[in-house]
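Here is what each chain is made of, one letter per residue.
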Amino acid sequence: MKKTISLLLGVLTVSSLLASCSGSLHPDNGQPVSVQTSSAGTEEIAEWLNSRLGGDYSGAVTLSLGAQGGIDFSAFPDGGYVIRTQDSDTAICASSADMLDRAVRRFANNLAGTGDVYETYGEGYKVKSLSIDGTDISEWSVTVETLGEEGFEENPAFAAQELQTYIEKECGVTLPVEIKSGVSGASGADKASGKAGRVIRIVQAPKDDPLGKDGLHIYFENGDLILRGGYKRGTMYAVYEFLENYAGWRFFGLGDMTYVVPAEALDIPGDIDHEAIPVIPMRYQRTWMSGYPQNAPANTFNIGYTSVAAPRRNNAGGANVSAAKHGYLEANRSSCHTFEAQLTGLYSGPQPCYTDEFLIEALGESLKQSAMAYTNAYKDDQGMPLISVGPNDNPYYCTCKNCAKALKEGGGALSSVFLGFINPAIEYANEEYPDMFYFTIAYQNTVKPPKNIRPVENLYITYCTNAMCMKHSLLDYEDCTYRYTTCAEAREHILGWAELTDHLGIWMYYSNFCNILCPVATFETMRENVRFFADIGVELLTYETYNYGFGFDDLRNYMMSLIFWDPYMTDEEYYAHMEEYMAAYYGDGWESIYEYLRIREQSAQNSHRCFATLGDNISQNENYTHPWYNSMDYVAKYDEILSLFDDARALATSAEAEARIDFLKVHVYYFHLCSAYDEYYVNGTEEERAEYEELYLYYCGLLTYYGKTPDKVSAYLMSSVSDLIPDFTVADLKYNPSCCIW
């Protein structure tokens, strides 16, 4: 018979079996389940399942939530569900609407029509039995051994708190913690814990230790598990490394995408000896992930957490470091985007005159005031203060007689004139605050290193790659012919700066700032570039992208966090991390999305042109086919790509995963509209043109549905197609999935 989905648990045979289960599956009163009322909030879920199963499924399915299904979910720490099928009738009860959604997807994708089913999810803790070196976790305790210096004890204490929190979430055991101040630094048997049972020792290494500020060493000694870390953030990183590498946790850096791999029994081996020191000392990410700064410490970013609550910000050890801006970020005020913050009202024009002695003195006084503010606000070495003294965000500069003369003396490198402006200002501030560090950017007209001047010793130079080709890398640059900055030219610039300073940084851009719906395909080249930076001793890496979640931004952000820490990981490790993330992010259909990613990356490599983050607005004579990708790839494989998305959507394990797949599909439509423009719109039949217009309006409706203004998101496509559709209005921008035949 045709299946029915009811909101009542009326299948008594199934309900009775649910009630007969042991433990938490008994109702509170111990009587057989008998629910007579519907569960509010399940209507949409029931509608989804009814549509998904179609008319071929024979049997009744009943849905309920929590106590209305007669089931006590108190022993399900993170919620869960029960699925029971008997004689083709099924009862599904869950602790929440989200869990019910997951349960019906599990039933539809994997269990429907397989016979009798009895499945529970979420009962008990994710790891049923956890032990370390054969000893149950309940017999372990934690001792924190710190240096005993004010300002340096917070991070080890925070590390212990994180270890305690995640172990309890994993298996329900709360580890007792004892903090010992002023006893840290030893690495051997003389630091025996003296505790009954076994001890996890979180040990803060001394300042002169090879682990430095962020390094870590995980090993066993005299029966104790040692989580030893560098004196600033190393203990925190040692805990996260232990949790992720050995205890089953994953920190993907986005919202609630932190989870533990379920296991019946997990025994952490007693022969661990793992040491890691980050290749890049200073790591900053200015991205979509910044919306979840609470996860930044676990992802090993150590500067720029300006929006994190103070306790965690301080624990991360990076709150006091301002990453490069196009201006100046002061300890006690908001970020300023231009020199105007330091030279307010003292000059006119896009940039100050770099040879004006009055402005140099004024800048020096401004830097001195900023240095004083840092000194008063922060204790020595608690956070490395970087005072930005960067140029305004434009490519214009003073062309007065003195500046022209200085430019000629500098061999035509504007960076020589710029350093002649900021060097003496910094030296002036150094007279009273010699321990302060400053920060500037080699940006736009100042990327070429000078020949006649060096940066002052306490100035960080950060080279910006916004005009550099992203199709090629700095390790594979011979064939690059990009019209702005080829990889060979950028490589020469960076190596030139490396000869001038020991404090070199790189600011990497991985967004198309003119068109956020056309993200760059860089999963290979970005890793090669970071390897190059590590090889030449770059101290600071900044990664910036603002694609608002379109494309694979979240995946790229996570992968970048990994290669910032270890750019030398093997190909096998790199792709394993990528696949694991995609499985968590997109659900059981992730392999189809991964195949689409491979198609997209290959299409970029098949393109006849180089590309960068400047956007490269397309001229009329290029027929609006976007040059970053081989357009024929998308036209030829469009049906295959849509099929991959259909497969992924059908296997989505949650409404959230399904929504992510739908959101990703927006730029698939965009790419196809660009690639098929000539074939289907300019030269197509009347029917093909009508279909093209329909897809275009559907695409615009999707953007509006997701809260994006189409002309702001994809000005390139809007400028080409909308002019050719005279009846197009904002009223047409309505999300209606049934309207599109594509």
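Residues numbered from 1 in each chain as written. Predicted model: local features only at pLDDT ≥ 70, side-chain atom pairs only at ≥ 80, totals over all residues. Heavy atoms only, no water.

A. Seen up close, the overall build of the protein chain. Across its full length, the protein chain holds 20 helices and 22 strands. Counting across all 742 residues of the protein chain, residues that qualify as buried make up 57%. Contacts spanning at least 24 positions in sequence make up 73% of the contacts within the protein chain whose residues lie at least 6 apart. A total of about 30,000 Å² of accessible surface is found on the protein chain, and carbon and sulfur atoms cover 47% of it. (Helix = DSSP H or I, 4+ residues; strand = E, 2+ residues; numbered from the N terminus. Buried < 20%, exposed > 50% of the residue type's maximum accessible area, 1.4 Å probe, protein only. Contact = heavy atoms within 4.5 Å. Areas by Shrake-Rupley, 256 points an atom, 1.4 Å probe, with all protein chains shown as cover.)

B. Quick peek at the sheet that holds strand E19 (residues 437–442). Taken in spatial order, the 6 strands of this open sheet run E17-E22-E21-E20-E19-E18, and their pairing is parallel. Edge positions in the sheet fall to strand E17 (282–286) and strand E18 (386–388), since each has one partner strand and no second. Put simply, the sheet's adjacent strands are angled 25° from each other on average, direction ignored. Inspection of the sheet shows E18 paired to E19 by 3 bridges, in the parallel sense. When the sheet's bridge partners are listed, Leu 386 is paired in E19 with Phe 437. (Pairing = 2+ DSSP bridges. Axes fitted to C-alpha atoms, helices over the stretch in contact; angles between N-to-C directions.)

C. Main features of the packing of helix H11 (residues 525–535) against helix H12 (residues 553–565). Relative to each other, H11 and H12 sit at 25°, their axes nearing to 10 Å. In terms of orientation, H11 lies roughly parallel with respect to H12. By crossing handedness, the relation of H11 to H12 is classed as right-handed. Contacts between H11 and H12 pair Met 526, Arg 527 and Val 530 from the former with Arg 556, Met 559, Met 560, Ile 563 and Phe 564 from the latter. Its residues assigned to classes, the contact of H11 with H12 comprises 6 nonpolar, no polar and 2 charged. (Parallel < 35°, antiparallel > 145°, perpendicular 65-115°, else oblique. Left-handed = near helix turned anticlockwise from the far one by under 90°. Nonpolar A, V, L, I, M, F, W, Y, C, P; charged D, E, K, R; others polar.)

D. Broad picture of the packing of helix H13 (residues 571–586) against helix H14 (residues 590–606). Orientation of H13 relative to H14, taken along the N-to-C sense of each, is 125°, at an axis distance of 9 Å. Taken together, H13 and H14 sit at an angle that is classed as oblique. Crossing handedness for the pair H13 and H14: right-handed. Side by side, H13 and H14 meet where Tyr 575, Met 578, Glu 579, Met 582, Ala 583 and Tyr 586 of the first sit next to Trp 590, Ile 593, Tyr 594 and Leu 597 of the second. Looking at the contact of H13 with H14 residue by residue, the classes come out as 9 nonpolar, no polar and 1 charged.

E. Spatial organisation of the sheet that holds strand E6 (residues 127–132). In space, the 3 strands of this open sheet follow the order E7-E6-E15, with mixed pairing throughout. In this open sheet, the two strands that pair with only one neighbour each are strand E7 (135–136) and strand E15 (263–268). Bridge count between E6 and E15: 5 bridges; the pairing is parallel. Bridging from a neighbouring strand, Ser 131 pairs with Asp 267 of E15. With respect to the sheet, helix H4 (residues 154–171) is in contact with E6 and E15, its orientation differing from that of E6 by roughly 135°.

F. Region of interest: H11. In terms of burial, H11 is largely enclosed, as 8 of its 11 residues are buried. Considered for burial, the residues of H11 that qualify are Thr 525, Met 526, Arg 527, Asn 529, Val 530, Phe 532, Phe 533 and Ala 534. Against the buried residues of H11 lie helix H10 (487–500), strand E21 (504–509), strand E22 (540–544), H12 and H13. Just past H11, the residue Gly 537 takes up positive phi, approximately 85°.

G. Representation of the side chain of Ser 473. Mapped onto the secondary structure, Ser 473 falls in the loop between strand E20 (459–464) and H10. Judged by relative accessible area, Ser 473 falls into the buried class, the value being 1%. Side-chain polar atoms of Ser 473 contact the backbone nitrogen of Leu 475, separated by 3.1 Å. What Ser 473 contacts, discounting residues up to four positions off in sequence, is Cys 487, Thr 525, Glu 528 and Asn 529. (Polar contact = N/O pair within 3.5 Å; in protein donor to acceptor, adjacent residues only side chain to side chain.)

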